[in-house]
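Take a look at the letters that make up each chain.
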Amino acid sequence: MSDLSLYRSGHLPPGFFARPADEVAPDLIGVTLLVDGVGGRIVEVEAYDQDEPASHGFRGPTERTKSLFGPPGRAYVHRSHGIHWCLNLVCGREGRAAAVLVRALEPTQGLEQMRARRGRDDPYLLCAGPGRVAQALGLTGANDGYRLDAPPFELLLGTAETDVATTPRIGITKAAELPWRFLDAHSRFVSRPRRRS
DNA sequence: GGTATGATTGACT
DNA sequence: GTCAATCATACCA
């Protein structure tokens, strides 16, 4: 990956995900994520890597994490707390567990469909949080392993520069100090405001 | 086999 | 702020 600006307002360039997750993650802020034409602009993500204990891949591949260890550019959709689904975008190379968790979108397309799926009207509660994102986009474990460069998925580069802030990750107890949460510094659609310093 | 723990959310005090 | 929901996985016996 060299110059993203060459691809502005188009699809993601080939090889975009074939990099370490903490390099891919900030580049995803401002990218539009759609599933069957419904979705919005990514404003918050977190990176996870096999070598740190917060990663689902830390203890090696399992039935649940096989797509996480698969080729980059695919979805890894896992259940959280037995209730919610969370969408990850697989990075790195096959055989290595690296992924970016999509934590929040600014809803831009298919608002009514997302409201119906979420059972809520407030646009700030449609996609603010990983479980909410998956629910709004209609994603479940059935979508685990799907390619991200083919329908129903679509990823489009943003057209404007985005100010990316970096903070520790949320909701984990291991490797909690790693600064691998990336967010649009000015967006109101993030799951939680930037941590006070 | 039993128990503890989540990459969370929504309801409630 | 606290806490239950709900289940696959991890870890210990």
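Residues numbered from 1 in each chain as written. Chains lettered and ligands numbered in written order. Predicted model: local features only at pLDDT ≥ 70, side-chain atom pairs only at ≥ 80, totals over all residues. Heavy atoms only, no water.

### Notes on the packing of helix α2 (residues 111-118) against helix α3 (residues 130-137)
In step 1: Interhelical geometry of α2 versus α3 gives an angle of 115 degrees and a closest axis separation of 8 Å. You can see that α2 and α3 cross each other, and the crossing is right-handed. Residue-level contacts link Met114, Arg117 and Arg118 of α2 to Arg132, Gln135, Ala136 and Leu137 of α3.
In step 2: Its residues assigned to classes, the contact of α2 with α3 comprises three nonpolar, one polar and three charged. (Axes fitted to C-alpha atoms, helices over the stretch in contact; angles between N-to-C directions. Helix = DSSP H or I, 4+ residues; strand = E, 2+ residues; numbered from the N terminus. Left-handed = near helix turned anticlockwise from the far one by under 90°. Contact = heavy atoms within 4.5 Å. Nonpolar A, V, L, I, M, F, W, Y, C, P; charged D, E, K, R; others polar.)

### Side note on α3
In step 1: For α3, the tally of buried residues reaches six of eight residues, placing the bulk of the element in the interior.
In step 2: Residues Pro130, Gly131, Val133, Ala134, Ala136 and Leu137 constitute the buried set of α3.
In step 3: Contacts made by the buried residues of α3 are with β1 (32-35), β2 (38-49), β4 (84-90), β5 (98-109) and α2.
In step 4: Immediately downstream of α3, the backbone of Gly138 shows phi near 75 degrees, a positive value. (Buried < 20%, exposed > 50% of the residue type's maximum accessible area, 1.4 Å probe, protein only.)

### Notes on the protein's contact with DNA strand B
In step 1: Every one of the 20 residues lining DNA strand B counts as a neighbour, but Asn88, Arg118, Gly129, Gly131 and Arg132 are closest to it.
In step 2: A share of 60% is what sugar and phosphate atoms reach among the atoms of DNA strand B within 4 Å of the protein.
In step 3: Here a phosphate oxygen of DNA strand B sits 2.8 Å away from a polar atom, N or O, in the main chain of Gly131.
In step 4: The side chain of Arg132 places a nitrogen or oxygen atom 2.5 Å from a phosphate oxygen of DNA strand B.
In step 5: Elements that contribute at least two residues to the surface near DNA strand B include exactly β3 (75-80), β4, β5 and α3.
In step 6: No other element matches the three residues that α3 contributes to the surface near DNA strand B.
In step 7: Split into classes, the residues belonging to the surface near DNA strand B amount to five nonpolar, eleven polar and four charged. (Near = heavy atom within 4 Å. Polar contact = N/O pair within 3.5 Å; in protein donor to acceptor, adjacent residues only side chain to side chain.)

### Side note on the pattern of salt bridges
In step 1: Under the counting rule described, the total for this entry stands at twelve salt bridges.
In step 2: Note that Asp27 and Arg19 form a salt bridge whose closest N and O atoms lie 2.9 Å from each other.
In step 3: On the basis of relative accessible area, Asp27 is assigned to the partly exposed category, the value being 24%.
In step 4: Between Glu44 and Arg181 there is a salt bridge; the shortest N-O distance is 2.9 Å. Here Glu44, found in strand β2, pairs with Arg181, found in strand β8 (residues 181-184); they are 137 residues apart in sequence, far enough to count as distant.
In step 5: Put simply, Glu44, Glu46, Arg103 and Arg181 are held in one network by salt bridges that share partners. (Salt bridge = Lys/Arg side-chain N within 4 Å of Asp/Glu carboxyl O.)

### Brief notes about the side chain of Arg118
In step 1: Of note, Arg118 is situated in helix α2.
In step 2: The side chain of Arg118 sits in the buried core without any salt bridge; Asp122 is the nearest counter-charge, 9.1 Å away.
In step 3: In contact with Arg118, not counting residues within four places along its chain, are Leu125, Leu126, Arg132, Gln135 and Ala136. (Lys, Arg positive; Asp, Glu negative; His and termini not counted.)

### Some words on the protein's contact with DNA strand C
In step 1: As a matter of local geometry, DNA strand C sits amid Arg59, Thr62, Arg64, His81, Gly82 and Ile83.
In step 2: In the model, a phosphate oxygen of DNA strand C is placed 2.7 Å from a nitrogen or oxygen of the Arg59 side chain.
In step 3: Separating a base oxygen of DNA strand C from a backbone N or O atom of His81 is a distance of 2.4 Å.
In step 4: Across the surface near DNA strand C, the residue classes break down as one nonpolar, three polar and two charged.

### A look at the nonpolar core
In step 1: Judged by nonpolar contacts, the single largest core of 38 residues is most densely connected at Phe17, Leu28, Leu33 and Leu87.
In step 2: Those elements that place two or more of their residues in this core are α1 (21-28), β1, β2, β3, β4, β5, α3 and β6 (153-156).
In step 3: When residues no more than four places from it in sequence are discounted, the contact partners of Leu33 are Val38, Gly39, Gly40, Ile42, Leu87, Val102, Leu105, Leu137, Phe153, Glu154 and Leu155. (Core = buried A, V, L, I, M, F, W, Y, C linked by side-chain atoms within 4.5 Å.)

This is a description of form; function is not addressed.
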